[in-house]
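# Results of the structural survey
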Amino acid sequence: MGILEKIQDIEREIQRTQKNKATEYHLGLLKAKLAKYRVQLIEGSKTKSEKGEGFDVMKSGDARVVMIGFPSVGKSTLLSKLTPQESVAAAYEFTTLTCVPGKFTYKGATIQLLDLPGIIQGASQGKGRGKQVIAVARTADIVLMMLDATKSATQRPQLEAELEAVGIRLNQSFPNVSFKIKKAGGISFNATVKLNYIDQKMVHNILHDYKIFNADIVIREDINVDQFLDVVLGNRRYIQCIYCYNKIDQITMEEIDRLAHQPHTVVVSCEDDLNMDFLVETIWKKLNLMRVYTKKRGEFPDFEDGLIVRQGATVEHVCHAIHRSLVDTFRYALVWGTSTKHNPQRVGLGHLVHDEDVVQVVKK
């Protein structure tokens, strides 16, 4: 029996099994086996030399946004509207057959936008070059899930299931669990909160299934089996996602209002240029980027060419963005902006900067 057949058998057994307190343990072990076989399916395909062109595109700019969606939902049209890059758009499906990269600039940041071929159901198992498409999605800072507002509501959960199957978690935070493998001493299990979905026995059995017999585990939040497996495997990607419903010019105002009030959702019409500015603004907010301006001694700040850094960045990150060797000669920095108690304030490398702060670095 091949890996695909084993995966299908376990999925059928999970569907057949009634979910209650008595079957939680059995379902947990089934999910552990399912995750193990899915990893083998993905890693096994890497060792085979497959013919055809891959979708490996060099990452450039300050961030990468990847468009995922079923065929003919408006991905190519959106790329052509937001970037100077032309992507073939037509009324028939599978117009785009390879990855088409484009770039657009917003608030000084260069954002790379990738138009990927439409995926079909079963893409996580390799159907329709789905593995290549989803592999590129793992490199994204944001997944822009393109959906057709005129079609059924099942398209969104179907796409989420395909991404979930290959270890992409959308709009979730990584579980607050400490997991360290050691050479000896057995399995040490501690939990600082009450656990409702997993227990010590299940943890031991899952780890033994993965040939792990010595480890320290500290669980600090109420997690389920899937979240614990994410920690053990360590190859899951937690990515922010925007659900973009296209073709709103073809539905009623009541339906537009219903879709627009869903979390992490933007409604647009690529053909009529409706709500495109709000989509770009939402992408900027989800990326958590900031602009920081630099200043030379005795001169005005350079407000034309700011540095783009992530939220939570320190003066050290700013120094690396200017030049990687600047930290070695760093003495102190003067900062003007909302991150300081007074302007200017003399700070060290660990000072957190805010959006639109001005930084002057003084060297030794």
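Everything here concerns the structure above.
The following paragraphs examine the structure supplied in this document. Since the model is a prediction, treat every value here as computed from it, not as a measurement.

## What to know about the nonpolar core
Residues Leu78, Leu144 and Leu279 are the most contacted members of the largest nonpolar core, which totals 59 residues. Excluding its chain neighbours within four sequence positions, the residues that come into contact with leucine 144 are Val65, Val66, Met67, Ile68, Leu78, Ile242, Cys244 and Leu279.

## Overview of the environment of serine 188
If you trace the backbone, serine 188 turns up in strand β7 (residues 187-191). Classification of serine 188 by relative accessible area gives partly exposed; the value is 26%. C-alpha of serine 188 to C-alpha of glutamine 200: the two residues are 12 residues apart in sequence and 9.6 Å apart in space.

## Focus on helix α3 (residues 75-82)
A large share of α3 lies buried, amounting to 6 of its 8 residues. Along its buried surface, α3 packs onto β1 (63-69), β2 (100-106), β3 (109-115), β4 (142-148) and α9 (276-287).

## Topic: the sheet that holds strand β6 (residues 177-181)
One open sheet accounts for 3 strands, arranged β6-β8-β7; its pairing is mixed. Edge positions in the open sheet fall to β6 and β7, since each of these has one partner strand only. On average, each strand axis in the sheet is inclined to that of its neighbour by 5°, with strand direction left out of account. Contacts between helix α6 (residues 200-209) and the sheet are confined to β6, β7 and β8 (215-219), with β7 contributing the most and set at about 140° to the helix.

## Looking at the pairing of strand β15 (residues 358-363)
Looking at chain direction, strand β11 (residues 289-294) and β15 are connected through 2 bridges and run parallel. Bridge pairing links threonine 294 to valine 359 in β15. With 6 bridges joining them, strand β13 (residues 330-336) and β15 adopt antiparallel strand pairing. Each bridged residue has a counterpart across the sheet, and for alanine 333 the counterpart in β15 is valine 361.

## A closer look at the packing of α6 against helix α7 (residues 225-233)
To describe two helices that pack against each other, one gives the angle between their axes and the distance between the axes. Between α6 and α7, the least distance of the axes is 11 Å, while the angle of their chain directions is 40°. As the angle between them shows, α6 and α7 are arranged oblique. Relative to α7, α6 is oriented so that their crossing is right-handed. Residues Met202, Val203, Ile206 and Leu207 of α6 form the contact with α7, whose participating residues are Val225, Phe228, Leu229 and Val232. Of the residues belonging to the contact of α6 with α7, the class tally is 8 nonpolar, no polar and no charged.

## Notes on the packing of aromatic side chains
Under the counting rule described, the total for this entry stands at 3 aromatic pairs. Seen in terms of ring centroids, tyrosine 106 and tryptophan 284 are 5.9 Å apart; in terms of plane orientation they differ by 65°. Their pairing is edge-to-face. Of this pair, tyrosine 106 sits in strand β2 while tryptophan 284 sits in helix α9; the two residues are 178 residues apart in sequence, bridging distant segments of the chain. Ring centres of tyrosine 293 and phenylalanine 303 lie 5.0 Å apart, and the angle between their planes is 75°; on these two criteria the pair is classed as edge-to-face. Of the two residues, tyrosine 293 sits in strand β11 while phenylalanine 303 sits in the loop between β11 and β12 (307-310), which places them 10 residues apart along the sequence. Accessibility expressed as a relative area gives 9% for tyrosine 293, which makes it buried.

Rules of the game
Residues numbered from 1 in each chain as written. Predicted model: local features only at pLDDT ≥ 70, side-chain atom pairs only at ≥ 80, totals over all residues. Heavy atoms only, no water. Core = buried A, V, L, I, M, F, W, Y, C linked by side-chain atoms within 4.5 Å. Buried < 20%, exposed > 50% of the residue type's maximum accessible area, 1.4 Å probe, protein only. Contact = heavy atoms within 4.5 Å. Helix = DSSP H or I, 4+ residues; strand = E, 2+ residues; numbered from the N terminus. Pairing = 2+ DSSP bridges. Axes fitted to C-alpha atoms, helices over the stretch in contact; angles between N-to-C directions. Parallel < 35°, antiparallel > 145°, perpendicular 65-115°, else oblique. Left-handed = near helix turned anticlockwise from the far one by under 90°. Nonpolar A, V, L, I, M, F, W, Y, C, P; charged D, E, K, R; others polar. Phe/Tyr/Trp six-rings, centres within 6.5 Å; stacked < 30°, edge-to-face > 60°.

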